[in-house]
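# Examining the three-dimensional arrangement
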Amino acid sequence: MITQSRPQQSPQAWYGMFAQAASEFSSTQLPILSGTIPKDLKGSLYRNGPGRLERGGQRVGHWFDGDGAVLAVHFNGAQASGVYRYVQTAGYQAEEQADQFLMGGYGMLPAGSLWRRLRQGATKNAANTSVLALPNKLLTLWEGGHPHALDLASLETQGLDDLGFLAPDQSFSAHPKCDPLSGEIYNFGVSYGKQGQLHIYRCSAEGKVKRQTKIPLKGLPMIHDFVMAGPYLIFCIPPVSMNPLPLLAQMKSYSDCLQWKPQQGTQILVIDRESLEMVSQGEADPWYQWHFGNGYIDDQGHVIIDFVRYADFSTNQFLKEVVSGHPQTQADGQLWRLHLDPRTGKVLETYALIDRTGEFPVVDPRQVGQAHRHTYLSTRPTSDPTTELFREIICFDHASHQLSSIQVGEQAYCSEPIYAPKPEQPGQGWIISVVYQAASQTSEVWILTADHLEDGPICRLGLPSVVPMGFHGTWQPGA
């Protein structure tokens, strides 16, 4: 009997940017495809994300496993130059030489037999999640370990950086918060033992530690982000915990050892950001969030927090499936608002602000930790949010409750919106995003006026090669 196999489904159009390893390029003047660069847009855009999802014919186990590659676009008046380079981690260099994956990652085990996996044990620092621009170096951030330092202009890798205070078991997570008034940088890391430990850091604008503390956690949770609100640092810890035994036995990856336990609820920690001492603890209904937009204190002394909320942890499975080009798991995250009493850690109210499926909420960096009017996100099409990636940038006006948006085009896909403030003009700025054009297999840098997204890009710049959609970036103002 002859059996007929089902026709293989074609990957989504966006898969073209992941199909091949991204190609580096050295400093290159970028051609202007349309419009003009604003004369007062001076500074550097830095973006980080997985540049290689395949090696030796093998795909990575999860989007989070791809080797980190950083894009820098340096703006100077009417011109812009770009450079794109892989972070030269020890793991990347070893696997580049062997032309195969060797080390374990977030969603994959090390290569070889169980005996070899047990002997190796170490997880590759992928250096692929975010960036932090200090005055004398660029840090590539990966929440499972130390950052790597890069040259701000050339992106040459200078090596692992302990910032002068990180112990070997301490990590420096991918979502630091920078106080726009003092310049101080706040961040955290989670270490695992018999129980989890939350390390919290308060640093100077140069990255020098001014204070740090360690807080015991319940179980072994995964914490990806936190939020700064006035005098507080707020951690909302979802009920996702790690089962360590299969990981220690090298039978399952870290991602596959994460368990959704909604009965535990979401844990709330309120930290005084001056002393780093605990103010209060609370508990709320279960939800999952990757990212916060911003937080501030209202007139009643309550903490107001904006974040992208998921009903459960299915988002992790969706992100795993992105690597195949055929995501099938529905994982809808919407922008929500939370009201919290910081004295008790009690959630007073929480509700959805918009019904779009989106991610990467950002505000004007001059308003981090303070009241803000606008939140920007990348969103997925309402017609097919399960299989599509981000194709629209939206702005939600918290005063008018109105949305403005720009759809980047048919078979075009946008990265996280990065806000670049206009110098000396409060409330004014630009949104910068990297856009992949599937039809032409090219990548572009788009500049949009922040308060008129619907007008479309005021400038489009061409990149020398495809820069895959990544995770996070930052804007570093120039002189």
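Below, the structure is looked at part by part.

Here is what the cut-offs are and how they apply
- Residues numbered from 1 in each chain as written.
- Predicted model: local features only at pLDDT ≥ 70, side-chain atom pairs only at ≥ 80, totals over all residues.
- Heavy atoms only, no water.
- Pairing = 2+ DSSP bridges.
- Helix = DSSP H or I, 4+ residues; strand = E, 2+ residues; numbered from the N terminus.
- Axes fitted to C-alpha atoms, helices over the stretch in contact; angles between N-to-C directions.
- Buried < 20%, exposed > 50% of the residue type's maximum accessible area, 1.4 Å probe, protein only.
- Polar contact = N/O pair within 3.5 Å; in protein donor to acceptor, adjacent residues only side chain to side chain.
- Contact = heavy atoms within 4.5 Å.

Strand pairing in a sheet is mediated by backbone hydrogen bonds. Such pairs are either parallel or antiparallel. An order of S26-S27-S28-S29 is seen for the four strands of this open sheet, with the pairing classed as antiparallel. Where the open sheet ends on each side, the last strands, each with one partner, are strand S26 (358-362) and strand S29 (403-407). Direction aside, neighbouring strands of the sheet carry axes that sit 20 degrees apart on average. The pairing of strand S27 (residues 374-379) with strand S28 (residues 392-397) spans six bridges and is classified as antiparallel. Looking at S28, one finds that Ser378 is bridged to Ile393.

So, about the sheet that holds strand S13 (residues 185-192). With antiparallel pairing, four strands are arranged side by side in an open sheet as S12-S13-S14-S15. Here the strands that pair on one side only, and so sit at the sheet edges, are strand S12 (177-178) and strand S15 (209-216). Relative to strand S14 (residues 196-203), S13 runs antiparallel, the two being bridged by eight bridges. The partner of Ile185 across the bridge, within S14, is Cys203.

A few words now on the side chain of Ser433. Tracing the backbone through its elements, the reader meets Ser433 in strand S32 (residues 429-437). Judged by its relative accessible area of 1%, Ser433 falls in the buried class. One polar contact links the side chain of Ser433 to the main-chain carbonyl oxygen of Ser415, over a distance of 3.1 Å. Sequence-distant contacts of Ser433, defined by excluding residues within four places in its chain, comprise Ile393, Cys414, Ser415, Glu416, Glu444, Val445 and Trp446.

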